[in-house]
Amino acid sequence: MSSQPVYLSHPSSLDHDTGEHPERVRRIEAIDAALEARDWLGYERISSPAVEPSVLQRVHGPEHIERIAAASRVGGAQLDPDTFVSAGSYTAALHAAGGAVELVRRLMGEGPRQVGFSAHRPPGHHAVPDRAMGFCLFNSIAVAARHAIAELGLERVLILDWDVHHGNGTNDIFWDTDEVLFASIHQLPLYPGSGSAGEMGEGRGHGYTVNLPVPPRSGDEAFVSLVRDIVTPLARIYRPQLLLVSAGFDAHADDPLADCTVSDAGFGLMTELVRELGAELGAPVGCVLEGGYDVDALARCVTLTMETLAAGGASAHGGAPGLDAIPVHPLATAALDRLRPFWPGLA
Ligand SMILES: [Zn+2]
C-alpha cells in the first residue's frame, strides 16, 4: 500500500464568488497558503476533475443540477437566504464533487493510498437531492460514498460528520440504507435544526443514522469522547471498508457561526482516532472539507488534520493533553444507552 497521502483541490474553488459571505474565497486561499508554507506536508497534490454527470446523478436529480447550471449561466442567483451562486459556482461545485469522488477512487483503486484530503468550496453536507441549502450546492461526500458503493462495489461506508452543523443532506440521502453508517456530531440548537438524537434512519437504515447532538459551549471533551466512545466502537461492529469524514472546522472556539469550543488539539485528537480506526480496520480514511469560517483557525486545523492523518503513529497534536486525559462524556454514556438496542454488541 502506497503511503503517500493525496490532496485534492482545483482552482475553480476560487471562482465561487460569494463576496463578503462567511463561506468565502479567502478560506481556500488561507488553507493553500498554510499548506504551501509547510511544503504540502508531503501530500501528492492532485487536480480534481469535474464530476461526471452520471456519478452526480446518483444523488442529485437532473432538475436540481440544471437549476445550478442555469443560475451560473445567467451570472448568479440567490437560492435561499444563505446560499448564493455566481458565474463560477457550477464549475466549482462540479469539481468539489469530483474531488471527493477522485479521493475515493485513489483511496480504493490501483496502488491504494491510506489517507487523503479533498479541499474545495462550496461545501456539500447540507445539500439534499433536489435542493441547495446552507452554502451547499451538491453533496460531494454523499456523491463519493454512492460512487464507492455503486461503482467500486463497497458494501459498508462510514461517514463521520464533525462539522458543527447537522449534515442534514447526508442524513437524508442515506436515511433508509445500511450501506452507509452516518454519524454526525453537531451543535443543537443550531442551523439547520435537524439531527436530534431520535432521528435514527428507517427501514434497512434504522440505527445506521447516528445523530449525536451537543449543546452550545461543548468542546474537546464532548467531541473527542463521542468519536472515541461511540463512533469507534460502532465502527468496530460495522466494519466499514472506507472511512469518510465530513471535515468541517466550525466547531472551533474561534468560529463566528457557532458556539462550540473545540481547540486545534481537539481536531488533532479526533483525526488521530479516525486514523487509528482506519489502520485497525484496514480501511482508508478520506476527509472532505465542509465548513469552518474563522480563516486562521480553519487553515491551522486543516494543516493539523492533514499532518495527523499522514503521521501514522506519532501524534501531531504535540504538547496538548492526550486521549487518556479525556474522560467518557455523559453525552457518550447517554448515546450508548440509546444505541444498544440497535447495536447489541456495543459495550
Ligand atoms: Zn458547518
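Residues numbered from 1 in each chain as written. Predicted model: local features only at pLDDT ≥ 70, side-chain atom pairs only at ≥ 80, totals over all residues. Heavy atoms only, no water.

Caption draft 1: Fine view of the coordination of the zinc ion. Surrounding the zinc ion are the protein donor atoms Asp163 (OD), Asp163 (OD), His165 (ND1) and Asp250 (OD), at 2.0 to 2.7 Å. Relative to the metal, the four donor atoms surrounding the zinc ion lie at angles of 53 to 155 degrees, and the coordination shape comes out irregular. Sequence positions of the residues that donate to the zinc ion give the spacing D-x1-H-x84-D. One end of the pair, Asp163, is in the loop between strand E6 (157–161) and helix H6 (168–173); the other, Asp250, is in the loop between strand E9 (242–247) and helix H8 (264–281), with 87 residues separating them in the sequence. By the burial criterion, Asp163 is buried, and Asp250 matches it. (Donors = N, O, S within 2.8 Å, 3.2 Å for Na, K, Ca; no water. Tetrahedral: all angles 85-135°; square planar, octahedral: opposite > 155°, others 65-115°. Helix = DSSP H or I, 4+ residues; strand = E, 2+ residues; numbered from the N terminus. Buried < 20%, exposed > 50% of the residue type's maximum accessible area, 1.4 Å probe, protein only.)

Caption draft 2: Focus on the layout of surface pockets. What the second largest pocket holds in volume is close to 170 Å³. In terms of lining, the second largest pocket is formed by 16 residues, of which the most central are His126, Phe135, His165, Tyr191 and Leu257. Split by residue class, the lining of the second largest pocket holds seven nonpolar, five polar and four charged. (1 Å grid on protein atoms, 1.4 Å probe; cavity = no way out; pocket = protein on both sides within 12 Å on 5 of 7 lines; lining within 4 Å. Points joined across faces, edges and corners; volume = space filled by probe spheres on them. Nonpolar A, V, L, I, M, F, W, Y, C, P; charged D, E, K, R; others polar.)

Caption draft 3: Quick look at the pattern of salt bridges. By the definition in use, this model includes 17 salt bridges. Here Arg73 ties to Glu66 by a salt bridge, and the two come within 2.5 Å at their closest N and O atoms. Residue classification places Arg73 among the exposed positions, given a relative accessible area of 60%. Among the ionic pairs, Glu102 bridges to Arg105, the shortest N-O distance being 3.8 Å. A residue pair is termed a helical-turn pair when its members lie 3 or 4 positions apart in one helix, as Glu102 and Arg105 do in helix H4 (residues 89–108) at three residues. Owing to a relative accessible area of 13%, Glu102 belongs among the buried residues under this scheme. (Salt bridge = Lys/Arg side-chain N within 4 Å of Asp/Glu carboxyl O.)

Caption draft 4: Molecular detail of the packing of aromatic side chains. As enumerated under the stated definition, the model contains eight aromatic pairs in all. Taken together, a centroid distance of 6.3 Å and an interplanar angle of 55 degrees make the contact between Trp162 and Phe267 tilted. On the criterion of sequence distance, the pair formed by Trp162 in the loop between E6 and H6 and Phe267 in helix H8 is long-range, its members being 105 residues apart. The exposure classification of Trp162 matches that of Phe267, with both residues buried. Ring-pair connections join several aromatic residues into one group, and the members of that group are Trp162, Phe249 and Phe267. The ring centre of Trp40 lies 3.7 Å from the NZ or CZ of Arg45, which sits over that ring. (Phe/Tyr/Trp six-rings, centres within 6.5 Å; stacked < 30°, edge-to-face > 60°. Lys NZ or Arg CZ within 6 Å of the ring centre and 35° of its normal.)

Caption draft 5: Looking closely at helix H5 (residues 140–150). Buried residues dominate H5, accounting for nine of its 11 residues. Where H5 is concerned, the buried positions are Ser140, Ile141, Ala142, Val143, Ala144, Ala145, His147, Ala148 and Ile149.

Caption draft 6: Expanded view of empty space enclosed by the protein. In this structure the tally under the stated criterion is two cavities of 30 Å³ or more. The space that makes up the largest cavity amounts to roughly 50 Å³. Contributing to the lining of the largest cavity are Ala96, Ser118, Ala119, His120, Pro122, Pro123, Gly124, Ser140, Val288 and Leu289. Its residues assigned to classes, the lining of the largest cavity comprises six nonpolar, four polar and no charged. If you add up the space inside the second largest cavity, you get close to 30 Å³. In terms of lining, the second largest cavity is formed by His16, Thr18, His21, Glu23, Asp82, Thr83, Phe84 and Phe135. Class assignment for the residues of the lining of the second largest cavity results in two nonpolar, four polar and two charged.

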